[in-house]
Structure formats: structure tokens, C-alpha cells
Amino acid sequence: MGNIRVQGPLLDTNSFAAWMNLLWFVLLGRFFYLDGRRDGARQSLWRVDGTVLFYLVTLTLTTFAFWMTYSRGGALAWLCTFFVALIAFRKTPGFGRKLALVLAIEVAAYAIFGYLHHYDMIGHLAPGYISSSIETVSRGLMWIATWHIFLSHPYLGTGLGSYFLFYPAYRLPGELASAGTYAHNDYIEFLAEGGLINLGFLLAFAGTLFYALYRLIVRPARLGISEENRYWALGLVLGVFAITGHALGNFIFYNLPLSILAGIFLAQAWRLYQQPKDTAPLLPRLGIRHPGVIQLSMALLFVLAGWFLALDAAVYGLFSANAWLDGLIPNANARAVFLMKAARFLEAARPQATQPWVYTGNAYLNLVAQEPSMPTAQKKVLLEAALHQYRQSLVGIPRQAGVYNAIGSLYLNYGSSVLGLSPAAARDDAVLAWRKGLALTPESVNLRSEIATQAFFNRGDVAGGIAFLQAGLKRPLFPEPRALLE
């Protein structure tokens with residue numbers, strides 16, 4: 001059971017820790033206020049208040065869930081935000097007693113799960129461990145690489161959500177631990193994907209949180225709201241403040257459910273923070289009163305979103321994880337016909353999806369391979385159709401190394417025998433496709449080996465081929481592919 005970490009519904013330990021932080025400070029604010037109101041009314045400490053007990057139990061469960069993640073970034077974010085919360089809630093009646101109770105819960109949860117899972121978080125936060133751990137060292141190298149992505153695209157960035165497409169070409173040799181999908185720092189990733197404008201939005205968001213906390217803590221009387229609403233708003237803003245700090249060391253805002261929940265929290269805080277006239281709907285304040293138009297627009301938006309989600313689910317279920325079809329359609333030929341028809345439909349309905357195009361291209365290629373006696377003219381038609389399908393699959397997400405690998409193999413195997421190319425031209429077209437794929441995935445051992453064979457070894461340049469293979473060892477490789485390349 002060593003080092004078991006809870007991921008939660010977000011399938012990431014750090015994101016789940018951020019979710020728990022987001023909820024924890026709201027619960028803390030409600031508990032401090034409600035229990036303080038009971039102290040202010042001088043009720044007996046032995047009298048059980050059901051509402052206070054509910055918040056205390058929920059706070060305890062959230063604390064246990066948080067420490068089960070063993071997120072160092074989440075713990076640091078919690079610690080920094082907790083100090084702000086102490087300043088915010090210091091004037092509640094019975095503050096010392098409640099603080100002692102909350103700290104006892106925190107220490108107990110940390111000790112229990114540290115003992116059960118043999119996890120030393122304090123040791124993992126020590127400078128010596130951070131400077132020697134491959135996980136933390138890799139993050140520093142990732143941030144350097146991400147900074148260079150920004151320097152190469154300084155104005156509008158590479159495009160939102162494109163980090164994993166560009167990172168392989170900038171990855172530093174010492175960075176071996178990450179999958180390369182996120183920079184583990186939302187601020188620098190926002191900068192790389194959207195330039196200074198995109199980063200400005202995130203910094204303005206963080207600045208707004210600082211301003212809101214200042215108004216709620218330092219000058220609460222000027223807000224003109226009740227103490228209950230102020231503590232509600234404080235808890236909501238503190239929760240979002242915690243995950244905003246956590247985003248400095250993990251990918252937080254790239255989790256859509258977490259970002260949506262944070263937005264809902266801030267909307268509620270803003271409603272409590274401002275006067276009702278300031279939080280009235282925008283369109284009526286502008287003199288625009290067309291509820292029917294708004295409702296219709298929202299309905300269309302939901303219909304379109306549902307349609308594309310359904311199409312994406314169909315692409316995944318039919319072409320990425322389709323083992324369930326074996327029981328539904330036992331006959332292999334009938335199953336292939338069904339998938340071909342589904343691919344044709346999805347190519348038209350969702351042209352940006354890669355898998356339907358690739359499936360059809362593979363089907364054409366398999367027909368050629370399975371029928372050696374097929375006339376050459378018919379083979380050529382099928383192979384050209386397969387090439388068309390592969391190229392179309394590059395339109396939606398143009399950086400697909402696997403597709404370039406398939407194109408290169410097709411040219412090598414059929415370029416001279418069927419497509420009418422000379423052997424040298426077929427080999428050059430294959431190598432060109434593989435080089436495009438290797439540029440996208442520099443750590444690919446398969447592509448590097450194919451290029452070394454066709455571009456060097458088969459031409460008698462053994463030393464050049466070995467040098468090309470050795471250059472691959474300078475790229476980030478996980479242990480198994482590195483051993484294979486060696």
C-alpha cells in the first residue's frame with residue numbers, strides 16, 4: 001500500500017487536491033461563522049447544533065480526502081491560503097477554540113494517512129529532495145522548454161490546447177519524467193499557448209482575487225453587506241485563491257470541471273460582495289429585453305454542444321475502444337462493414353476527428369495487402385484513396401506522427417511497384433514522411449530506426465546511420481525505448 005495517492009473523479013491527484021482546497025475554505029468560512037454566532041449568543045458549548053455539526057463533519061471528510069492525495073503543490077497552496085484565512089476569520093467569537101480544533105483535524109489526517117501510506121511529505125518538500133527528485137527537476141526543465149516555446153511564438157502563442165503538440169520539439173534531454181501533455185504551471189502554459197494577451201487574462205483574474213480579499217478583510221464595513229454574506233464571500237474567494245496559487249506548480253485551470261466550479265464560486269461571491277443593482281443581468285441594464293432570443297440561443301448552444309459531444313463519443317467508442325462491438329456484431333465482415341459506414345458518416349459530420357479517416361485508409365490498405373492477385377490498376381486506386389484518407393486525417397490535428405509513419409510505409413512498400421514511382425523516389429518520399437513524423441515526436445525509436453535504415457544503411461553509409469541513431473539518445477527517452485535504441 002506504499003505511496004497510494006487518491007486521484008478522485010478528475011483522474012489526477014493534484015487536480016483532486018485543488019478541488020478539495022476549493023471546497024475546504026468555503027466549509028471553513030461557514031463553520032467559523034455559524035459556530036461563532038453560537039458563541040456570540042452565549043449558548044452552551046455542550047449543546048449540539050445540527051448545522052454546525054454538519055459543516056464540521058464535512059470539513060473533516062474533506063480534510064481526509066485532501067491529505068490522501070499527498071499533493072505537495074496542494075499542501076503549499078493550502079498553507080499559504082490558510083494564513084490569509086486566519087487573518088480573515090480572526091475576529092469571530094471563539095476563534096482560538098475553533099482554530100485549535102481545525103488544526104487538530106489537519107494534523108490527525110496528515111499523521112493517519114502518512115502512517116498508512118508511508119509518505120513523507122515534509123521530507124519531499126525539503127530543498128535537498130526537490131533538487132534531486134526527477135519529478136521536480138523535470139518540471140523546472142519543462143518550464144524552461146515552455147519559455148522557449150513562447151519565445152518562438154511571442155505574439156499569439158501556439159494556440160489554446162496545443163501545448164502537447166509543440167512540446168516534443170522543445171523538450172530538453174534531461175526531462176524524462178513527464179508525458180509532455182501539460183507544463184505543470186498554468187501561467188507559463190497560458191503564455192506559451194496564447195501569448196501575453198492570454199497570460200494577461202489569468203494575471204488579471206489573480207489580481208481581482210487579491211483586490212476582493214483586500215476589500216472583504218481590510219474594509220468590510222464599506223461593503224454594506226451582512227457579516228454572514230461577508231463570510232460566505234470570503235470562503236468562496238479563498239477557495240478560488242488557493243487553486244490559483246496551486247496553478248503555479250500543477251495544471252489546475254486546464255481541468256474543465258474544476259474551472260467551471262471555480263467560476264460558479266466567484267459568481268456567487270460577486271453576488272454577495274456587490275449590491276443587487278450592480279449584479280443585475282447585463283442585457284436588461286443595457287435596455288435589451290429579449291428573453292426569447294437568449295433562451296433560443298442557449299438552447300441552440302446546448303444542442304450543438306451535445307451533438308459534437310455525441311460525435312466525439314462515437315469516434316472514441318467505435319475506433320479507439322470498440323471491443324464491445326465483438327459481442328454485439330460477432331461476424332467480422334458485418335462488423336467491418338458497419339465500421340466503414342460509421343467512418344464515412346463521421347468523416348462528413350466530424351471532419352476534424354482523426355480516427356475515422358485513418359480507419360478508412362487502413363481498410364483500403366488492408367484490401368491491397370490481402371488480395372495479392374488484385375490488378376495493379378485497382379491496387380493503385382485503393383492506395384491513392386488510402387493516401388487521401390491519411391492526408392485528410394492531418395487536417396483536424398495536423399501533428400500526428402503515427403499517420404506520417406503509415407504514409408512513409410505505404411510509399412516504401414508500394415511506391416515503386418504500384419504507384420509508378422522510381423525506387424529512389426519511393427524511398428525519398430517514405431523518408432520525408434518519416435522525418436516529418438520524427439520532427440513531431442523526436443523520441444520515436446521506430447521512426448528513427450526506419451530513417452536510419454533507408455537514408456543511411458541501405459545506401460552504404462553505416463557510420464552516418466549509427467551517428468543518426470546515437471543522436472536519438474540525446475532526446476528524452478523512457479527506460480524501455482532507450483534500451484531498445486541502445
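Along each chain, numbering runs from 1 in the same order as the chain's sequence is written. pLDDT decides what is reported in this predicted model: residues at 70 or higher carry local features, side-chain atom pairs at 80 or more are listed and counted, and totals for whole chains, interfaces and linings draw on all residues regardless. Processing note: side-chain calculations cover all non-hydrogen atoms of the structure and skip hydrogens and water entirely.

J.: Mind laying out the overall build of the chain, listing which residues take part and the relevant values?
T.: Looking only at helices and strands, one finds 22 helices and 0 strands in the chain. Buried positions account for 43% of the 486 residues belonging to the chain. Counted over contacts in the chain with a minimum sequence separation of 6, partners at least 24 positions apart contribute 66%. Counting every atom, the chain has about 25200 Å² of accessible surface; 66% of that belongs to carbon and sulfur. Helical segments are the DSSP runs of H or I of at least four residues, strand segments are the runs of E of at least two, and each set is numbered from the N terminus. The buried label applies to any residue whose accessible area, calculated with a 1.4 Å probe on protein chains only, is under 20% of its type's maximum; exposed applies above 50%, and partly exposed to all values in between. A contact between two residues is defined here by any heavy atoms of the two lying within 4.5 Å. Computed by Shrake-Rupley with a 1.4 Å probe, the accessible areas treat only the displayed protein chains as cover when residues are assessed.

J.: Explain the nonpolar core residue by residue, including any values.
T.: Throughout, nonpolar core names a set of buried Ala, Val, Leu, Ile, Met, Phe, Trp, Tyr and Cys residues whose side chains join them through atoms within 4.5 Å. Among the nonpolar cores identified, the biggest contains 69 residues, and Trp24, Phe25, Leu28, Phe82, Phe89, Val102 and Leu234 are the most heavily contacted of them. Among the elements of the structure, helix H1 (13-40), helix H2 (50-69), helix H3 (72-89), helix H4 (95-117), helix H9 (186-217), helix H10 (227-246) and helix H11 (256-273) are those that each provide at least two residues to this core. When sequence neighbours within four positions are dropped, the list of residues in contact with Phe25 reads Trp78, Thr81, Phe82, Ala85, Gly235, Leu238, Gly239 and Ala242. Within the second largest apolar cluster, 32 residues are counted, among which are Ala386, Tyr411, Leu419 and Ala452.

J.: Now, about the packing of helix H15 (residues 332-349) against helix H16 (residues 355-370): what can you tell me, with residues and values included?
T.: Axis separation between H15 and H16 bottoms out at 8 Å; the angle between their running directions is 135°. One way to sum up the angle between H15 and H16 is to call them oblique. Crossing hand, H15 versus H16: left-handed. Together, Ala336, Leu339, Met340, Ala343, Arg344, Leu346 and Glu347 of H15 and Pro356, Trp357, Tyr359, Thr360, Ala363 and Tyr364 of H16 make up the contact between the two elements. Classification convention: Asp, Glu, Lys, Arg as charged; Ala, Val, Leu, Ile, Met, Phe, Trp, Tyr, Cys, Pro as nonpolar; all other residues, Gly among them, as polar. Counted by class, the contact of H15 with H16 contains 10 nonpolar, 1 polar and 2 charged residues. Throughout, an axis means a line fitted to C-alpha atoms (over the contacting stretch in the case of helices), and angles, computed between N-to-C directions, take values from 0 to 180 degrees. Oblique is the label for any angle not under 35 degrees, not over 145, and not in the 65 to 115 range, which are roughly parallel, roughly antiparallel and roughly perpendicular in turn. By the definition used in this description, the sense in which the near helix is turned from the far one sets the handedness, with an anticlockwise turn below a right angle giving left-handed and a clockwise turn giving right-handed.

J.: Give me the lowdown on H3, citing residues and values where you can.
T.: One fewer than the residue count of a helix, multiplied by 1.5 Å, yields its expected span. Relative to the 26 Å expected for 18 residues at 1.5 Å per residue, H3 spans 25 Å between its end C-alpha atoms, a close match to the ideal helical length. Within H3, burial applies to Arg72, Gly74, Ala75, Ala77, Trp78, Thr81, Phe82, Ala85, Ala88 and Phe89. Contacts described as polar in this section are N or O atom pairs within 3.5 Å, which, within protein, must combine one atom able to donate a hydrogen with one able to accept it, while residues neighboring in sequence count only if both atoms come from side chains. The opening residue of H3 is Ser71, an N-cap whose side-chain oxygen sits 2.9 Å from the backbone nitrogen of Gly74.

J.: I'd like to hear about the side chain of Asn21, residue by residue, with values.
T.: In this structure, Asn21 sits in helix H1. Among the residues examined, Asn21 registers a relative accessible area of 1% and is labelled buried. Those residues in contact with Asn21, other than ones at most four positions away along the chain, are Phe66, Gly74, Ala77, Trp78, Gly239 and Ala242.

J.: Could you give me a rundown of the confidence of the model for the chain, with the residues and numbers involved?
T.: In this model, the chain carries a mean pLDDT of 84, and residues with pLDDT of at least 70 account for 87%. Per-element confidence in the chain is highest for helix H20 (residues 445-455), whose mean pLDDT is 93, and lowest for helix H6 (residues 127-132), whose mean pLDDT is 62. Per residue, pLDDT measures the predictor's confidence, with a range of 0 to 100.

J.: Provide a residue-level description of the environment of Gly415, including the pertinent values.
T.: Turning to its location among the elements, Gly415 is positioned in the loop between helix H18 (401-414) and helix H19 (423-440). Its relative accessible area of 0% is what places Gly415 among the buried residues. Apart from residues no more than four positions distant in its own chain, Gly415 is found in contact with Leu410, Gly420, Leu421 and Ala426.

J.: Tell me about the packing of aromatic side chains, and please be specific about residues and values.
T.: Stacked, tilted and edge-to-face are the three classes applied to pairs of Phe, Tyr and Trp rings, where Trp contributes its six-membered ring and a pair requires centres within 6.5 Å; stacked means planes under 30 degrees apart, edge-to-face means over 60, and tilted covers the rest. Under the defined criterion, the tally for this structure stands at 22 aromatic pairs. Plain terms: the ring middles of Phe31 and Phe32 are 6.1 Å apart, the flat faces sit at 75° to each other, and that makes the pair edge-to-face. Here Phe31 and Phe32 have matching classes, each one buried. A network of ring pairs unites the aromatic residues Trp24, Phe25, Phe66, Trp67, Trp78, Phe82 and Tyr110 as a single cluster. Between Arg448 and the ring centre of Phe468, over which it is positioned, the NZ or CZ distance is 4.8 Å. Here, a charge over a ring is recorded when the distance from Lys NZ or Arg CZ to the ring centre is within 6 Å and its angle to the ring normal is within 35 degrees.

J.: Could you give an account of the pattern of salt bridges, with specific residues and numbers?
T.: When a carboxyl oxygen of Asp or Glu lies within 4 Å of a side-chain nitrogen of Lys or Arg, that pair is called a salt bridge. Applying the stated criterion across every chain, the model contains 6 salt bridges. Here Asp35 and Arg97 are joined by a salt bridge, their closest N and O atoms 2.8 Å apart. Pair noted here: Asp35 is in helix H1 and Arg97 is in helix H4, with a separation of 62 residues, a long-range link. The buried category is assigned to Asp35, whose relative accessible area is 2%. The partly exposed category is assigned to Arg97, whose relative accessible area is 35%.

J.: Quick one: what's the story with unusual backbone geometry, residue by residue and with numbers?
T.: Phi angles above zero are rare outside glycine, and Tyr70 is one such case at about 50°. Relative to the assigned elements, Tyr70 resides in the loop between H2 and H3. In this structure, His184 takes a positive phi of about 60° despite not being glycine. Secondary-structure assignment places His184 in the loop between helix H8 (163-170) and H9.

J.: Explain a nonpolar patch on the surface residue by residue, including any values.
T.: Residues forming no salt bridge and having over 30% relative accessible area are the ones grouped into patches, like charges within 9 Å of each other and nonpolar side chains (Val, Leu, Ile, Met, Phe, Trp, Tyr) within 5 Å. A grouping of Tyr155, Leu156, Ile197 and Phe201 is seen on the molecular surface, where their side chains present a nonpolar patch of about 560 Å² in accessible area. Mapped onto the elements of the fold, Phe201 is located in helix H9.

J.: Explain H20 residue by residue, including any values.
T.: Along H20, the residues classified as buried are Val445, Leu447, Arg448, Ile451, Ala452, Gln454 and Ala455. On its buried face, H20 sits against H18, H19, helix H21 (462-472) and helix H22 (479-485). Sitting at the amino-terminal end of H20 is Ser444, which places a side-chain oxygen 3.2 Å from the backbone nitrogen of Leu447.

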